[in-house]
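One-letter residues, chain by chain:
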Amino acid sequence: MSIFEYNGSALVAMVGKNCFAIASDRRLGVQLQTIATDFQRISKIHDRLFLGLSGLATDAQTLYQRLVFRHKLYQLREERDMKPETFANLVSAILYEKRFGPYFCQPVIAGLGDEDKPFICTMDSIGAKELAKDFVVAGTASESLYGACESMFKQDMEPEDLFETVSQALLSSVDRDCLSGWGGHVYVVTPTEVKERILKGRMD
């Protein structure tokens, strides 16, 4: 078993019309043993920027603390919030810095940039970015997430349609992966509001 699969995870970010959704499962396991069913994989950096970390849970928490620290320094120095593109470069640089003993994480970054244009991106454990205009996935359920998102995604979805699509994609994908699941956590972010919802899923 790969170290990335040790705790199990499923992450997806999807773009809509001037909005985006980011969703994750809630299971924390040690291989096939479930430890917690309310684990938080998605973190808010600021009102228009969210970060999801799949992979090894301990590394995800360490990396998150470093990123929050760096973002707070940026806010103090620049007196503004970081743009999603800038934050993606920061995450990439921090991961590449540790490339010889990497954080075993696969981050998913989603945010609203200038003129409320949604930005999503993912990267590997050494910070090689992968930008997308529709959706990005990460975690042990990534293969089934690719298939579900590919078949369900439509351009320029409204926030409610986007929520429905990303939720159905997540729930149907984690059912095909025994290391992730136990419900879902979905954020839908528009220029004016952030909606957070908990999904009930299969508990096996």
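Residues numbered from 1 in each chain as written. Predicted model: local features only at pLDDT ≥ 70, side-chain atom pairs only at ≥ 80, totals over all residues. Heavy atoms only, no water.

Is there a simple way to think about the pairing of strand 8 (residues 118–123) in this case?
Moving residue by residue along a regular strand, the side chains alternate between the two faces of the sheet. Burial analysis of strand 8 places six of its six residues in the buried class, the great majority of the element. Neither face of strand 8 is exposed, since Pro118, Ile120 and Thr122 on one face and Phe119, Cys121 and Met123 on the opposite face are all buried. With five bridges connecting them, strand 7 (residues 105–112) and strand 8 associate as antiparallel partners. Bridge assignment links Ala110 to a residue of strand 8, and that residue is Ile120. Linking strand 7 back to strand 8 in an antiparallel pair, the connection comprises five residues, with Glu115 at a positive phi of about 55°. Both strand 8 and strand 9 (residues 129–132) contribute to a ladder of four bridges, which runs antiparallel. Bridge assignment links Ile120 to a residue of strand 9, and that residue is Ala132. Connecting strand 8 to the next strand, strand 9, in antiparallel fashion are five residues, including Gly127 with a positive phi near 85°. (Buried < 20%, exposed > 50% of the residue type's maximum accessible area, 1.4 Å probe, protein only. Helix = DSSP H or I, 4+ residues; strand = E, 2+ residues; numbered from the N terminus. Pairing = 2+ DSSP bridges.)

Help me understand a negative patch on the surface, please; the structure alone is not making it clear to me.
On the surface, a cluster of negative charge is made up of Asp156, Glu158, Asp161 and Glu164. On the secondary structure map, Glu164 appears in helix 4 (residues 159–174). (Patch = residues over 30% accessible without salt bridge, like charges linked within 9 Å, V, L, I, M, F, W, Y side chains within 5 Å. Areas by Shrake-Rupley, 256 points an atom, 1.4 Å probe, with all protein chains shown as cover. Salt bridge = Lys/Arg side-chain N within 4 Å of Asp/Glu carboxyl O. Lys, Arg positive; Asp, Glu negative; His and termini not counted. Charge placed at Lys NZ, Arg CZ, Asp CG, Glu CD.)

How do you make sense of the layout of surface pockets when you look at a structure like this?
What the largest pocket holds in volume is close to 250 Å³. Breaking the lining of the largest pocket down by element, the ones donating at least two residues are strand 8 and strand 9. Top element by residues in the lining of the largest pocket is strand 8. It accounts for three residues. When the residues that make up the lining of the largest pocket are grouped by side-chain class, the tally is six nonpolar, two polar and two charged. Taken as a whole, the second largest pocket encloses approximately 190 Å³ of empty space. What lines the second largest pocket is a set of 14 residues, and nearest its centre among them are Asp177, Cys178, Ser180, Trp182 and Asp204. Class assignment for the residues of the lining of the second largest pocket results in four nonpolar, five polar and five charged. (1 Å grid on protein atoms, 1.4 Å probe; cavity = no way out; pocket = protein on both sides within 12 Å on 5 of 7 lines; lining within 4 Å. Points joined across faces, edges and corners; volume = space filled by probe spheres on them. Nonpolar A, V, L, I, M, F, W, Y, C, P; charged D, E, K, R; others polar.)

Don't take any of this as a statement about function, it's just geometry.
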